[in-house]
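In case you want the letters, here they are:
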Amino acid sequence: MNQLSSPRPPRQQGMALLVVLIMLIVVGVMAVTGNEDTQLQTRMLMNTQFYDNAYAEAESLQQQAESRLLEGELTLDDFGGDGFYDVTAGEELGFDPLQADAWEGEGVLSGDAADNGNYVIEYLGETTEGVLNDDNLSSSKLLNAFRITAAGWSLESAGDPESKKRALAVVQSEIMMAD
């Protein structure tokens, strides 16, 4: 008897397994890359939030200092003390306001009020508005000029003054006002 033999499928020699392994490696690399990208974006977002908080604090302190000057709460008699510098008398800032740690013990505010920021005010002397020349110098009223430097920082743990400062924002303004 003659038996009909069924044709045998051709041998693949593991080609399907190789294709599946390559696809698995590609998917794994994509997953790791996506995870690293997500972690980076999260860190960038947190740093942006820390800076935004520090900037808002610095602006708030700057406005507070300007209000205190304009409302007469601070006068020229206050200068020469903590946080008040009379540039006309040769006083200068004894620290770098762009360094967060340099603000330790510096500025007008102290204690809990200085947990998230502080400011200094410099008296720059008398000046007039506009261009100075012989015609308007004699007819102009002299104004007192002040420079306000305010710094705000964002702490790693909100409400804990001992925690690390994560972001620093420094703003500066100059105002002129009559006596």
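Note: the structure precedes this text.
Just so we're clear, the structure is a prediction, and the values are computed from it rather than from any experiment.

Undergrad: How should the packing of aromatic side chains be read in this particular structure?
TA: Aromatic ring pairs are reported here in terms of the distance separating the ring centres and the angle at which the planes meet. For the coordinates displayed, the defined rule picks out seven aromatic pairs. Relative to Trp153, the ring of Trp103 lies with its centre 6.4 Å away and its plane at 50°, an arrangement referred to as tilted. Placement of the pair is Trp103 in the loop between β1 (84-86) and β2 (117-127) and Trp153 in strand β3 (residues 143-155), with a sequence separation of 50 residues. A residue is classified by how much of its surface remains accessible, and Trp103, at 3% relative accessible area, is buried.

Undergrad: Honestly, the side chain of Gln62 in this entry has me stumped. Any pointers?
TA: With respect to the helices and strands, the residue Gln62 is situated in helix α1 (residues 15-70). Within the structure, Gln62 has its side chain in polar contact with the side chain of Ser173 (distance 2.8 Å). With sequence-adjacent residues up to four places away left out, Gln62 is seen in contact with Ile148, Ala150, Val171, Gln172 and Ser173.

Undergrad: Just checking my understanding: could you explain the pattern of salt bridges for this structure?
TA: A side chain with one charge can pair with a side chain of the opposite charge if their charged atoms come near. What the rule picks out here adds up to three salt bridges. A salt bridge links Arg68 to Glu73; the nearest nitrogen and oxygen atoms lie 3.0 Å apart. Arg68 gets classed as buried once you look at its relative accessible area, which sits at 18%. Judged by its relative accessible area of 48%, Glu73 is partly exposed.

Undergrad: I tried to follow the nonpolar core on my own but got confused; where do I start?
TA: Grouped together as the largest cluster of nonpolar side chains are 23 residues, with contacts concentrated most on Leu69, Tyr119, Ile121 and Phe146. Of all elements in the fold, only α1, β2, β3 and β4 (165-177) reach the threshold of two or more residues within this core. Per-element accounting of this core gives the leading share, six residues, to α1. Excluding its chain neighbours within four sequence positions, the residues that come into contact with Phe146 are Leu69, Leu76, Phe79, Ile121, Glu122, Tyr123, Leu124, Ser173, Glu174, Ile175 and Met177. Counting residues in each nonpolar core, the second largest holds seven residues, with Tyr85, Phe95, Trp153 and Leu155 among its members.

Undergrad: Explanation requested: the side chain of Arg68 in the structure shown.
TA: When you line up the elements, Arg68 lands in helix α1. For Arg68, the side chain forms a polar contact with the side chain of Tyr119, separated by 2.7 Å. Those residues in contact with Arg68 that lie beyond four places of it in its chain are Glu73, Leu74, Val108 and Tyr119.

Undergrad: Even after reading the chapter, I still don't get the environment of Gly152, so can you show me in this structure?
TA: Structurally, Gly152 is set in strand β3. Overall, Gly152 belongs to the buried group, its relative accessible area being 0%. Expressed as a C-alpha distance, the spacing of Gly152 and Glu59, which sit 93 residues apart in the sequence, is 7.9 Å. Those residues in contact with Gly152 that sit more than four places away from it in its chain are Ala54, Glu57, Ala58, Asn116, Gly117, Ala167, Leu168 and Ala169.

Undergrad: For this particular structure, what's the right way to read the sheet that holds β2?
TA: The pairing of strands in a sheet comes from backbone hydrogen bonds and takes either a parallel or an antiparallel form. As summarised here, the arrangement of the four strands in space is β1-β2-β3-β4, forming an open sheet in which the pairing is mixed. One side of each edge strand has no neighbouring strand; the edge strands of this open sheet are β1 and β4. Shown here is a sheet whose adjacent strand axes are inclined to one another by a mean of 15°, direction ignored. Alignment of β2 against β3, held across ten bridges, turns out to be antiparallel. Across the sheet, residue Tyr119 finds its bridge partner in β3, namely Ala150. α1 rests against β2, β3 and β4 of the sheet, and its axis sits at about 25° to β4.

What counts, and at which threshold
- Residues numbered from 1 in each chain as written.
- Predicted model: local features only at pLDDT ≥ 70, side-chain atom pairs only at ≥ 80, totals over all residues.
- Heavy atoms only, no water.
- Phe/Tyr/Trp six-rings, centres within 6.5 Å; stacked < 30°, edge-to-face > 60°.
- Helix = DSSP H or I, 4+ residues; strand = E, 2+ residues; numbered from the N terminus.
- Buried < 20%, exposed > 50% of the residue type's maximum accessible area, 1.4 Å probe, protein only.
- Polar contact = N/O pair within 3.5 Å; in protein donor to acceptor, adjacent residues only side chain to side chain.
- Contact = heavy atoms within 4.5 Å.
- Salt bridge = Lys/Arg side-chain N within 4 Å of Asp/Glu carboxyl O.
- Core = buried A, V, L, I, M, F, W, Y, C linked by side-chain atoms within 4.5 Å.
- Pairing = 2+ DSSP bridges.
- Axes fitted to C-alpha atoms, helices over the stretch in contact; angles between N-to-C directions.

Read these as geometric descriptors, not functional statements.
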